[in-house]
Each structure stands twice: as structure tokens, then as C-alpha cells.
Amino acid sequence: MSGLLVVHHTPSPSCQTLLEAVLEGAGTDELPEPVEVTTRPALAAGPADVLAADAVVLGTPANIGTMSGALKHFFDQIYYPCLQDTRSLPFGLYVHGGDDVAGAVRDVLRITGALGWEQAAAVVETTGTVGTPEREAAWELGATVALRAM
């Protein structure tokens with residue numbers, strides 16, 4: 001069975017809503033076959049999790065113009081152990097911020113680019129209140145990256 005790793009930092013209700021939508025999409029029965037979804041908080045995820053995954057979804061709030069410190073810590077932990085063995089790993093990203101997420105998106109894409117990971121879907125960028133369109137985009141992100149895990 002293919003494996004999808006969801007690495008997230010979820011300090012707010014908005015981030016929780018997006019995470020839940022991603023997980024619902026990744027678990028949809030609309031996929032041709034089930035995907036094993038592993039969810040790890042960014043501070044708990046490590047190289048073994050990434051090396052065992054066929055695809056990854058990353059989730060973070062935008063804090064002070066960049067990704068959360070927790071997601072940065074995740075990247076610091078996995079960068080060298082995963083650098084050679086995860087090239088071309090499909091990934092997706094969702095980011096929630098109060099009013100601007102551009103810096104967080106830029107920084108995550110810079111690191112995933114250095115790792116050689118392949119973006120599997122458009123980044124879900126949300127600000128303010130998370131409503132139906134944002135939930136649907138996060139659901140689609142989860143389903144699309146799960147499909148790429150196959």
C-alpha cells in the first residue's frame with residue numbers, strides 16, 4: 001500500500017480545519033486504491049517518516065512572515081538524512097495566515113526545491129477565516145497528493 005505522510009504544525013482552529021480537510025481528501029474512497037496516511041506533528045516527524053513515505057503534505061501557519069519554527073525544525077532534522085534518497089518525492093503544501101502567507105510559501109518551496117521534491121499540486125494559501133472554498137481546496141490537495149503517492 002502506498003503511504004502519504006502529513007507533517008503539520010496546527011496551533012489554531014483554522015489550521016486544524018485545513019488539516020482535517022486534507023486528511024478527508026487523502027482518505028476519500030474516490031481514489032483508485034486506499035493510501036495509508038500517517039499524520040505527524042512537525043516537532044515529532046523525522047527522517048524515518050519521510051523515507052517511508054511515497055508523498056508528503058506539509059501544513060504550517062505563516063508566522064512573522066515565514067513558516068512556523070516547528071516546520072523549520074522538521075526540515076532541519078530531515079534535510080541531510082533525506083537529501084539523496086527523497087529526490088522527486090511528490091509533495092503538497094497548505095499555509096494559513098492572518099493576512100499574508102507569501103513569505104512562508106516562498107521559504108517552504110525554497111527548501112523543498114533544494115531537497116529535489118516535486119510539487120504535486122497548487123499550494124493552498126489561506127488567510128483569515130477558513131470557509132467552504134478553503135476547505136474544498138485543502139480536501140483537493142489531500143486527494144491529489146494521495147493520488148500521486150500511488
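In the block above lies the structure referred to throughout.
Residues numbered from 1 in each chain as written. Predicted model: local features only at pLDDT ≥ 70, side-chain atom pairs only at ≥ 80, totals over all residues. Heavy atoms only, no water.

A. Region of the structure containing the overall build of the protein. Summing up its helical and strand segments, the protein has five helices and seven strands in all. Taken from N to C terminus, the helices and strands of the protein fall in the order β-α-β-α-β-β-α-β-α-β-β-α. Its C-alpha radius of gyration of 14 Å places the protein within 12% of the 15 Å reference for a compact globule of 150 residues. Burial analysis of the protein (150 residues in total) assigns 50% to the buried set. (Helix = DSSP H or I, 4+ residues; strand = E, 2+ residues; numbered from the N terminus. Rg over C-alpha atoms; globule rule 2.2 N^0.38 Å. Buried < 20%, exposed > 50% of the residue type's maximum accessible area, 1.4 Å probe, protein only.)

B. Just the packing of helix 3 (residues 69–82) against helix 4 (residues 102–115), in detail. Closest axis-to-axis distance for the helix 3/helix 4 pair is 12 Å, and the angle between their directions is 10 degrees. Overall, the two elements helix 3 and helix 4 adopt an arrangement that is roughly parallel. Touching Leu71, Lys72, Phe75, Ile78 and Tyr79 of helix 3 are Val108, Ile111, Thr112, Ala114 and Leu115, all from helix 4. Classifying every residue of the contact of helix 3 with helix 4 gives eight nonpolar, one polar and one charged. (Axes fitted to C-alpha atoms, helices over the stretch in contact; angles between N-to-C directions. Parallel < 35°, antiparallel > 145°, perpendicular 65-115°, else oblique. Contact = heavy atoms within 4.5 Å. Nonpolar A, V, L, I, M, F, W, Y, C, P; charged D, E, K, R; others polar.)

C. Spatial organisation of the packing of aromatic side chains. In total, this model carries four aromatic pairs according to the counting rule given. With 6.4 Å between their ring centres and 55 degrees between their planes, Phe75 and Trp117 make a pair best called tilted. One end of the pair, Phe75, is in helix 3; the other, Trp117, is in the loop between helix 4 and strand 6 (118–119), with 42 residues separating them in the sequence. Here the two residues Phe75 and Trp117 agree in accessibility, since each one is buried. Measuring from ring centre to ring centre gives 6.2 Å for Phe91 and Trp117, while their planes differ by 50 degrees; the resulting arrangement is tilted. One end of the pair, Phe91, is in strand 5 (residues 90–97); the other, Trp117, is in the loop between helix 4 and strand 6, with 26 residues separating them in the sequence. The burial state of Phe91 is the same as that of Trp117; both residues are buried. (Phe/Tyr/Trp six-rings, centres within 6.5 Å; stacked < 30°, edge-to-face > 60°.)

D. A look at unusual backbone geometry. One non-glycine residue, Ile64, lies in the positive phi region at around 50 degrees. A positive phi angle is found at Ser88, which is not glycine, with a value near 75 degrees. Locating Ser88 in the fold gives a position in the loop between helix 3 and strand 5.

E. The arrangement of the pairing of strand 1 (residues 3–8) in detail. Extensive coverage of strand 1 is indicated by the burial of six of its six residues. Neither face of strand 1 is left uncovered, since the one carrying Gly3, Leu5 and Val7 and the one carrying Leu4, Val6 and His8 both have all their residues buried. Inspection of the sheet shows strand 1 paired to strand 2 (residues 36–41) by six bridges, in the parallel sense. Within strand 2, the position partnered with Leu5 by the bridge is Thr38. (Pairing = 2+ DSSP bridges.)

F. How the structure looks around the nonpolar core. By size, the foremost hydrophobic cluster in this structure holds 29 residues, and its most contacted members are Val7, Val56, Leu58, Leu71, Phe74, Phe75 and Trp117. Among the secondary structure elements, those contributing two or more residues to this core are strand 1, strand 3 (55–63), helix 3, strand 5 and helix 4. If you tally residues by element for this core, the top one is helix 3, at six residues. In this structure Phe75 touches Leu58, Met67, Val108, Ile111, Thr112, Leu115 and Trp117, once residues within four positions along its chain are discounted. Within the second largest apolar cluster, 21 residues are counted, among which are Leu18, Leu19, Leu31 and Val35. (Core = buried A, V, L, I, M, F, W, Y, C linked by side-chain atoms within 4.5 Å.)

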